[in-house]
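Examining the three-dimensional arrangement
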Amino acid sequence: MDRRRLLQSLAGLGGPALMPSAVRAQRRRPRVAVIGAGVMGASIAYHLAAGGAEVVVLERVSPGSQATQGAFAMLIATHEDDRAFNDLYGMAVLDWRRLELELGGAVQVQWGGTATWVPPGPGAAELDAVTRRLQSWGAPVRPIDAQELADLVPGVVAGPYGAGVFSPDQGTLDPIQALDALVAAGRRRGVAYRYPCEVLALKRDGQQITGLRTGQGDVDADVVVLAAGAAVPALAGQVGVKTPINLVSGTLAHSKPFPRVLQRVLNGPLGSLKQDPDGRIVTGADYRPGASGTDTSRAYGEQLLATAVRMVPALAGVELESMSLGYVPIPADTHPIVGFCAAPSNLYVALTMSGVTMAPLMGRLAASEILDGVAVETLSAYRPARFA
Ligand SMILES: Cc1cc2nc3c(=O)[nH]c(=O)nc-3n(C[C@H](O)[C@H](O)[C@H](O)COP(=O)(O)OP(=O)(O)OC[C@H]3O[C@@H](n4cnc5c(N)ncnc54)[C@H](O)[C@@H]3O)c2cc1C
């Protein structure tokens, strides 16, 4: 069945029946099962329910317990790879502003931009080149010198300065606070969250997923959204869909709440540093490409905070509260894998890197594709079929 006919039949508009006609006559709302309650699944569920779907989210552990809890959660406005991907990031941060308004302030975002700098050397020439490339695409970035960095971040100790860039449109949030707000907003719209509830198998009948087998019994669905993060390849693989990923890890130190010092995110040579809306300092240095840190010891956390104090001496006295470790799935070609599969045609995959940044945009676009029967052009380069 092609997608338009599937959607027509879900909407009771004719076409081959997915469900008995008596049932179809009574129930016009499509039933969507979302696998995974990370930030991606929670956002898609919220947007689907807002669009009128009957939504159940099935989560193996608890909401946010995997990659989402471990995110630094910078809302990223640019990407250096290619222009279309850069534009996608630009749209994604705008969607956070839209969602912030829509949820009536329930999500707390710090919109202070990010300041990035590197020491003299090849890295400085590279950063300058990336900044010029992004500017040529119209991206909201501008080069900054050491004085401008000091103006943006009073009291910062930059160390030897080679080059810098300020991205005023970027923001940050606490990923669990944001996820809780999305889950609550989804529930208010009727989303049912089930956890712990592991999806064990996707039941396939020809070209369709007919339901899911879970640790808590079977679940019927007209459409299945696969937002299971690092588990997407194994689940999609059960029904012959390829979604190759690389898994990288990273750790972060989280402080006890501290009086407000930072108004923006800092990406310096010693690491990344921010202050969440609740006052907690979050810092890390081992989640850059290739780093893949796993050290969650107290000693390492204290070392990270000591480095933060070297960067911003006004943080002296900050105390470690906890360490986090997250494993992030990154599609093999780094681009999102989003959309309906060729077969089974009612399986919708949603997997991206920078998932916190992307969640509101992907949630809105996925809901539109699933409920309105459109194929959003912006996502056309990112379909699962490219790995077939
Ligand atoms: C150190 C670090 C820094 C990061 N920094 C940023 C950043 O600055 N900006 C940014 O945008 N992103 C950042 N990220 C990436 C971001 O965390 C992820 O891209 C995002 O959280 C992915 O969300 P998700 O919902 O796709 O996956 P997840 O949060 O992993 O959610 C998937 C869910 O599916 C569930 N699940 C799996 N299998 C099953 C099953 N069989 N049945 C039911 N449920 C199942 C899991 O339990 C999990 O809860 C960072 C990550 C780390 C670790």
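Let me sum up the structure you'll find in this document. (Residues numbered from 1 in each chain as written. Predicted model: local features only at pLDDT ≥ 70, side-chain atom pairs only at ≥ 80, totals over all residues. Heavy atoms only, no water.)

The subject of this paragraph is the pattern of salt bridges. Oppositely charged side chains are able to pair whenever their charged atoms sit close together. Following the criterion strictly, the structure yields 13 salt bridges and no others. Glu148 is the salt-bridge partner of Arg142, the closest N and O atoms lying 3.7 Å from each other. The class of Arg142 is partly exposed, set by a relative accessible area of 35%. Residue Glu148 is classed as partly exposed on the basis of its relative accessible area, which comes to 29%. Connected through shared salt-bridge partners, Asp95, Arg98, Glu102 and Arg364 make up one network. (Salt bridge = Lys/Arg side-chain N within 4 Å of Asp/Glu carboxyl O. Buried < 20%, exposed > 50% of the residue type's maximum accessible area, 1.4 Å probe, protein only.)

Taken in spatial order, the three strands of this open sheet run E10-E11-E12, and their pairing is antiparallel. Here the strands that pair on one side only, and so sit at the sheet edges, are strand E10 (199–205) and strand E12 (217–220). Taking each pair of neighbouring strands and ignoring which way they run, the sheet shows an average axis angle of 25°. By the bridge criterion, four bridges tie strand E11 (residues 208–214) to E12 in an arrangement that is antiparallel. Residue pairing across strands places Leu212 opposite Val219, the latter belonging to E12. (Pairing = 2+ DSSP bridges. Helix = DSSP H or I, 4+ residues; strand = E, 2+ residues; numbered from the N terminus. Axes fitted to C-alpha atoms, helices over the stretch in contact; angles between N-to-C directions.)

Burial runs high along strand E5 (residues 114–118): five of the five residues are buried. Every second residue of E5 is oriented toward a common face, with Thr114, Thr116 and Val118 on one face and Ala115 and Trp117 on the other, all of them buried. In the sheet, E5 pairs with strand E7 (residues 163–167) via five bridges, with the strands oriented antiparallel. From the neighbouring strand, Thr116 faces E7, where its bridge partner is Val165. Where E5 meets strand E15 (residues 265–268), three bridges bridge the pair, whose relative direction is parallel. Its bridge partner being in E15, Thr114 is matched across the sheet by Val265.

Let's shift gears to unusual backbone geometry. For the peptide bond that leads from Tyr195 to Pro196, omega is -5°, which places it in the cis range. The residue Pro196 is located in the loop between strand E9 (192–194) and E10 in this model. Of the consecutive residues Ala343 and Pro344, the connecting peptide bond is found in the cis state with omega at -5°. Relative to the helices and strands, Pro344 is located in the loop between strand E19 (337–340) and strand E20 (347–351). Of note, Thr334 is a non-glycine position whose phi angle comes to about 70°, a positive value. You can see Thr334 is positioned in the loop between strand E18 (320–331) and E19. Phi at Ser354 is positive, roughly 50°, even though this residue is not glycine. Inspection of the secondary structure puts Ser354 in the loop between E20 and helix H10 (355–372).

Lining the immediate environment of the ligand, one finds 36 residues, of which Glu59, Thr68, Met74, Gly355 and Thr357 sit closest. A distance of 3.0 Å separates a nitrogen atom of the ligand from a polar backbone atom of Arg60. With respect to the ligand, the backbone of Gly355 contributes an N or O atom lying 2.8 Å from an oxygen atom. Bound to the protein, the ligand loses 96% of the 1000 Å² it would expose on its own. Sorting the residues of the shell around the ligand by element identifies helix H3 (39–50), E18 and H10 as the ones contributing at least two each. The element best represented in the shell around the ligand is H10, accounting for three residues. Residue composition of the shell around the ligand, grouped by class: 20 nonpolar, 13 polar and three charged. Residues lining the shell around the ligand come from more than one domain, with at least three contributed by each of domain 1 (3–68 + 176–243 + 332–387) and domain 2 (110–171 + 246–330). (Near = heavy atom within 4 Å. Polar contact = N/O pair within 3.5 Å; in protein donor to acceptor, adjacent residues only side chain to side chain. Areas by Shrake-Rupley, 256 points an atom, 1.4 Å probe, with all protein chains shown as cover. Nonpolar A, V, L, I, M, F, W, Y, C, P; charged D, E, K, R; others polar. Domains from an automatic or database assignment.)

Read these as layout, nothing more, since geometry by itself doesn't imply function.
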